[in-house]
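A structural walkthrough
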Amino acid sequence: MKRLCPETYSRLHGGWFRKVDNLNQEYTNGYSIIGQFYSDRRRQWLAPGLYVDCSKNGDNKKKVIYHTLIKLNFDGTVELLEQTRNNPSWATDLWDPIEKFLPEFKPDKEILHEEKTYLECRLDEINHKLENLDKNQ
């Protein structure tokens, strides 16, 4: 984020970084965004997907809060999709771009379930072939 948004990124007065897996539109604030929080104090691998960064800077009397929606692509590139500044309705304002791009990415749990299903089917195929080979010998 420091390289992507050097003019707005700050942890001077706090902030956070979160993956966006889904939306819960029963809420109209940050709780509407479902996903894991990540520490931005250390380097780590991040899966392709949508992320929201909250940067808080400025002085104590006049804090400036930026909420930035970014897209981490499968090829490792990063796109800044939307950014708000001191916007109390930042979460709901990000819903449209989140809904537009979220179908490209699946939650980790869904990916693992799909992979498990594929592997179970593949294992059934292998067992069936082994049974046929045993019958023919």
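Residues numbered from 1 in each chain as written. Predicted model: local features only at pLDDT ≥ 70, side-chain atom pairs only at ≥ 80, totals over all residues. Heavy atoms only, no water.

**Describing the pairing of strand β6 (residues 63-72)**
Note the following rule: Exposure categories follow from relative accessible area, calculated using a 1.4 Å probe and restricted to protein chains: below 20% of the type maximum is buried, above 50% is exposed, and the middle band is partly exposed. Here a helix means four or more residues in a row that DSSP labels H or I, a strand means two or more in a row labelled E, and each is numbered from the N terminus. One requirement defines pairing of two strands: DSSP has to find at least two bridges between them.
In terms of burial, β6 is a largely internal element, eight of the ten residues being buried. What sits between strand β5 (residues 49-58) and β6 in their antiparallel hairpin is a turn of four residues. Alignment of β6 against strand β7 (residues 78-85), held across seven bridges, turns out to be antiparallel. Counted as the bridge partner of Ile-70 is Leu-80 from β7. Here β6 hands over to β7 after five residues, with Gly-76 in that stretch at a positive phi of 90°.

**Concerning the environment of Phe-105**
Using the following cut-off: Contact criterion: two residues are considered in contact whenever any of their non-hydrogen atoms come within 4.5 Å of each other.
Here Phe-105 is to be found in the loop between α1 (90-101) and α2 (108-136). Looking at Phe-105, the relative accessible area reads 7%, which means it is buried. Those residues in contact with Phe-105 that lie beyond four places of it in its chain are Pro-48, Gly-49, Leu-50, Lys-71, Leu-72 and Phe-74.

**Thoughts on unusual backbone geometry**
The phi dihedral of Asn-86 is positive, around 45°, even though this residue is not glycine. With respect to the helices and strands, Asn-86 occurs in the loop between β7 and α1.

**Observations concerning the pairing of strand β1 (residues 15-20)**
Where β1 meets β5, six bridges bridge the pair, whose relative direction is antiparallel. Within β5, the residue paired with Trp-16 across the bridge is Cys-54. Pairing of β1 with strand β4 (residues 37-38) involves two bridges; the strand directions are antiparallel. Across the sheet, the residue bridging to Arg-18 is Phe-37, located in β4.

**So, α1**
Our working definition: In a helix, the anticipated span is given by 1.5 Å times the number of residues less one.
A rise of 1.5 Å per residue sets the reference length of α1, with its twelve residues, at 16 Å; its end C-alpha atoms lie 17 Å apart and thus fit the reference within 8%. Those residues of α1 that sit buried are Trp-90, Ala-91, Leu-94, Trp-95, Pro-97, Ile-98 and Phe-101. Packed against the buried residues of α1 are β1, β2 (22-23), β3 (33-34), β5, β6 and β7.

**Some words on the packing of aromatic side chains**
Operational definition: For Phe, Tyr and Trp, where Trp contributes only its six-membered ring, two rings pair if their centres lie within 6.5 Å, and the inter-plane angle classes them as stacked under 30 degrees, edge-to-face over 60, or tilted in between.
Overall, the coordinates contain five aromatic pairs when judged by the stated rule. A centroid spacing of 5.8 Å and a plane angle of 50° characterise the contact between Trp-16 and Trp-90, whose relative ring orientation is tilted. Within this pair, whereas Trp-16 is found in strand β1, its partner Trp-90 is found in helix α1, the two being separated by 74 residues in sequence. Taken together, a centroid distance of 5.3 Å and an interplanar angle of 10° make the contact between Phe-17 and Tyr-51 stacked. Of this pair, Phe-17 sits in strand β1 while Tyr-51 is found in strand β5, placing the two residues 34 residues apart along the sequence. Cluster of aromatic residues (ring-pair linked, three or more members): Trp-16, Phe-37 and Trp-90.

**With respect to the nonpolar core**
This is how it is decided: Here, nonpolar core means buried Ala, Val, Leu, Ile, Met, Phe, Trp, Tyr and Cys residues that are tied together by side-chain atoms lying within 4.5 Å of each other.
Among the nonpolar cores identified, the biggest contains 15 residues, and Val-20, Ile-33, Leu-50, Val-52, Leu-69 and Ile-98 are the most heavily contacted of them. Elements with a minimum of two residues in this core: β5 and α1. Excluding its chain neighbours within four sequence positions, the residues that come into contact with Leu-69 are Val-20, Leu-50, Tyr-51, Val-52, Glu-79, Leu-80, Leu-81, Glu-82, Leu-94, Pro-97 and Ile-98.

Geometric descriptors of this kind do not, in isolation, establish any biological role.
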